[in-house]
Amino acid sequence: MRDQMRNHRLVTLLFSAAIATAAGLLVASTAQAEDPIVKLISSQSGQCLQPINGSLKQGDAIVQAPCNGSEAQQWTVTMVSSTKVHLVNRSSHLCLDARGGATNGTPIQQWTCNGISNENWGFGITNNLLVSAVSNSWSHCIATPGNQNNLPMQLRACVITPSQIWTRPPG
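Computed from a predicted structure; not experimentally measured.

Parameters at a glance
Residues numbered from 1 in each chain as written. Predicted model: local features only at pLDDT ≥ 70, side-chain atom pairs only at ≥ 80, totals over all residues. Heavy atoms only, no water. Helix = DSSP H or I, 4+ residues; strand = E, 2+ residues; numbered from the N terminus. Buried < 20%, exposed > 50% of the residue type's maximum accessible area, 1.4 Å probe, protein only. Contact = heavy atoms within 4.5 Å. Areas by Shrake-Rupley, 256 points an atom, 1.4 Å probe, with all protein chains shown as cover. Disulfide = S-S within 2.5 Å. Core = buried A, V, L, I, M, F, W, Y, C linked by side-chain atoms within 4.5 Å. Polar contact = N/O pair within 3.5 Å; in protein donor to acceptor, adjacent residues only side chain to side chain. Pairing = 2+ DSSP bridges.

K.L.:
Describe the overall build of the chain, with residues and values.
P.N.:
Check the secondary structure of the chain and you find one helix and 13 strands. Going from the N terminus to the C terminus, the chain shows its helices and strands as α-β-β-β-β-β-β-β-β-β-β-β-β-β. Every one of the 171 residues in the chain was classed for burial, and the buried ones make up 36%. For the chain, restricting intrachain contacts to residue pairs at least 6 apart in sequence, the fraction spanning at least 24 positions comes to 51%. For the chain, the exposed surface amounts to about 9200 Å²; the carbon and sulfur share of it is 58%.

As C-alpha cells, this is what we get:
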C-alpha cells in the first residue's frame, strides 16, 4: 500500500511538472512570436510603398516604386491595440506617419516611432484599406496620387477607390 501511495505521488508530481513545462513553453512561444513583415502593394499601380529612394532619413516622403524585394519595401506590422498597428520600415526602422491631421492631401512620411496618433494605422473594413487613425479619426486612407513612380503618398477621405486599396503579401 505504501508503494502504491508513493507511486501515485510520483505520477502526480511528474504530471504536474509536465503541465507546468507545457504552459511555460506556450507562454514563451507567444511572447517570442515575431511581428509579421509585409509589403504594401497598390492595387491601382501594382507598386510597393517605400521611403523615397530607399531613404533612411526622418521626414522623407513615402512613395510608390516598382516592387524589387528590398528591405525598404518591407514593413513590420506591430500591434498597438486590438484595432491599431504601427508600420515600421525594415530598412530605415522609422514608422509610417501622416504629417498632419486627417485631411485630404496630408503627406505620408517616415518618422521616429514615438507613439503619437499620426503613426497609428488600421486595415479598414475591406481589410485592404490602409486607414489613418490620426487623432482617432479613422476617416482618411493612404492613396496613390497617380500611377507614376516616386509620387509622395497622401491621405484622402476613405471612399474605397483602387488608389486606396493595398494588398499585404508577406515581405
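Picking up after the structure, the text goes on.
K.L.:
Residues and numbers for unusual backbone geometry, please.
P.N.:
Positive phi, close to 65°, is recorded for H93, a residue that is not glycine. Within the element layout of this structure, H93 appears in the loop between β6 (85-89) and β7 (95-98). At N136, a position not held by glycine, the phi torsion is positive, near 55°. For N136, the position within the fold is in the loop between β10 (131-132) and β11 (140-143).

K.L.:
So, the state of the cysteines: which residues are in play, and what are the values?
P.N.:
Enumeration over the complete set of coordinates arrives at three disulfides. C48 shares a disulfide with C67; S-S distance 2.0 Å. Handedness of the C48-C67 disulfide follows from its S-S torsion of about 105°: it is right-handed. With C48 in strand β3 (residues 48-51) and C67 in the loop between β4 (62-65) and β5 (75-79), this pair connects stretches of sequence that are 19 residues apart. C67 sits in the partly exposed class, given a relative accessible area of 35%.

K.L.:
Go over the nonpolar core with me, naming the residues and quoting the values.
P.N.:
Proteins that are soluble and globular tend to have nonpolar side chains buried together. L87, L96, I108, W121, L130 and I142 are the most contacted members of the largest nonpolar core, which has 18 residues in total. Residue assignment for this core shows that the elements contributing at least two residues are β5, β6 and β7. When residues no more than four places from it in sequence are discounted, the contact partners of L130 are L40, L49, L87, L96, W121, G122, F123, H140, C141, I142, Q164 and W166.

K.L.:
Account for the side chain of S42, with residues named and values stated.
P.N.:
Within the secondary structure, S42 sits in strand β2 (residues 41-42). For S42, a relative accessible area of 2% corresponds to the buried category. For S42, the side chain forms a polar contact with the main-chain nitrogen of S45, separated by 3.2 Å.

K.L.:
Talk me through the pairing of β11; I want residue IDs and the actual numbers.
P.N.:
Here β10 runs beside β11; their pairing, made up of two bridges, is antiparallel. By the bridge assignment for β11, S132 is matched with H140.

Nothing here speaks to function; it is geometry throughout.
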